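A structural walkthrough
Residue strings, one per chain:
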Amino acid sequence: MSFWIWIDGGYSMLPHGKSWRQRFSLWAGRRLATRHRHVHVDPTCRLSPEARIHPRTGEIHIGARTTIAAQAIVQGNVQIGEDCSVQIGTMLIGSGTREKPEGAIRIGNHVRIAPFVQMIAANHRFEDPDVPIGRQGMYQKPIVIEDDVWVAGRVIITAGVTIGRGSVLAAGAVVTRDVPPYSVVGGVPARVIKSRKPATLTAEPTQDLP
């Protein structure tokens, strides 16, 4: 049993400091994150001390009233807006540097990210079959999640994808292309199932993403 399970009572998403132990956990979570020079956290955030938050060569910004659960990983160039939640086991890995944030992850306001979601804003190159993949380097592309998006459990969003405002990504979807605003998508690879605002999509349902 970890020290923090004993202190915070076992919550993965800490409540608003109802006990001295929970208040201590929230303080520790923010303190552990901001010990890194390039991590900027609003004082109203709730960060689990068991989250792994590190800027690497980039920069992290986390907006007001956002919650990061235990065992979530937020590393590299990542920007998370206000009133968001990142659940247990989710991995947000931005790439690039502070000077060249070519593989940044940018998440808007009021975004819900369920457990075990994966966003990695870089991919291995593998064009040359005569060179080991590990020696061919990486290419970096940003991931953008606009406001008011729900990303359900175990969704994978690949580098270079933008998720339009108000969209819902069904559990287990693998999203490899941009998603129009207010879409509901699911599947492997993900396809548009319907629109939350039908007038915004003129094509038939269950279409390939653009």
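Residues numbered from 1 in each chain as written. Predicted model: local features only at pLDDT ≥ 70, side-chain atom pairs only at ≥ 80, totals over all residues. Heavy atoms only, no water.

Summing up its helical and strand segments, the protein has two helices and 23 strands in all. Projected onto the principal axes, the alpha-carbon positions of the protein cover approximately 55 × 45 × 30 Å. The burial tally for the protein puts 45% of its 210 residues in the buried class. Considering only contacts within the protein whose residues lie at least 6 apart along the sequence, 30% involve residues at least 24 apart. Of the side-chain charges in the protein, 25 are positive and 17 negative, and the distance between the mean point of each set is 8 Å. (Helix = DSSP H or I, 4+ residues; strand = E, 2+ residues; numbered from the N terminus. Buried < 20%, exposed > 50% of the residue type's maximum accessible area, 1.4 Å probe, protein only. Contact = heavy atoms within 4.5 Å. Lys, Arg positive; Asp, Glu negative; His and termini not counted. Charge placed at Lys NZ, Arg CZ, Asp CG, Glu CD.)

Now for the sheet that holds strand β15 (residues 143-145). In space, the six strands of this open sheet follow the order β1-β4-β7-β10-β15-β18, with parallel pairing throughout. The two strands at the open ends of the sheet, each matched to only one other strand, are β1 (39-41) and β18 (162-163). Here two bridges tie β15 to β18, and the two strands are oriented parallel to one another. Across the sheet, V144 pairs through a bridge with T162, a residue of β18. (Pairing = 2+ DSSP bridges.)

Throughout the structure, instances matching the rule amount to one aromatic pair. Measuring from centroid to centroid gives 5.9 Å for F24 and W27, while their planes differ by 20°, and the two rings are stacked. Of this pair, F24 and W27 both sit in helix α2 (residues 20-34), three residues apart, which is roughly one turn of that helix. In this arrangement the basic side chain of R154 is found over the ring face of F116, its NZ or CZ atom lying 4.7 Å from the centre. Geometry around Y182 places K197 over its ring, the cationic atom sitting 4.2 Å from the centre. (Phe/Tyr/Trp six-rings, centres within 6.5 Å; stacked < 30°, edge-to-face > 60°. Lys NZ or Arg CZ within 6 Å of the ring centre and 35° of its normal.)

In this section: the pattern of salt bridges. Counted by the stated rule, this structure contains five salt bridges. R65 serves as the salt-bridge partner of E82, at 3.4 Å between the closest nitrogen and oxygen. Of the two residues, E82 sits in the loop between β7 (78-80) and β8 (85-86) while R65 sits in the loop between β4 (60-62) and β5 (67-68), which places them 17 residues apart along the sequence. The class of E82 is partly exposed, set by a relative accessible area of 36%. Judged by relative accessible area, which is 44%, R65 ranks as partly exposed. The partner of E102 in a salt bridge is K100, and the shortest N-O contact between them spans 3.6 Å. (Salt bridge = Lys/Arg side-chain N within 4 Å of Asp/Glu carboxyl O.)

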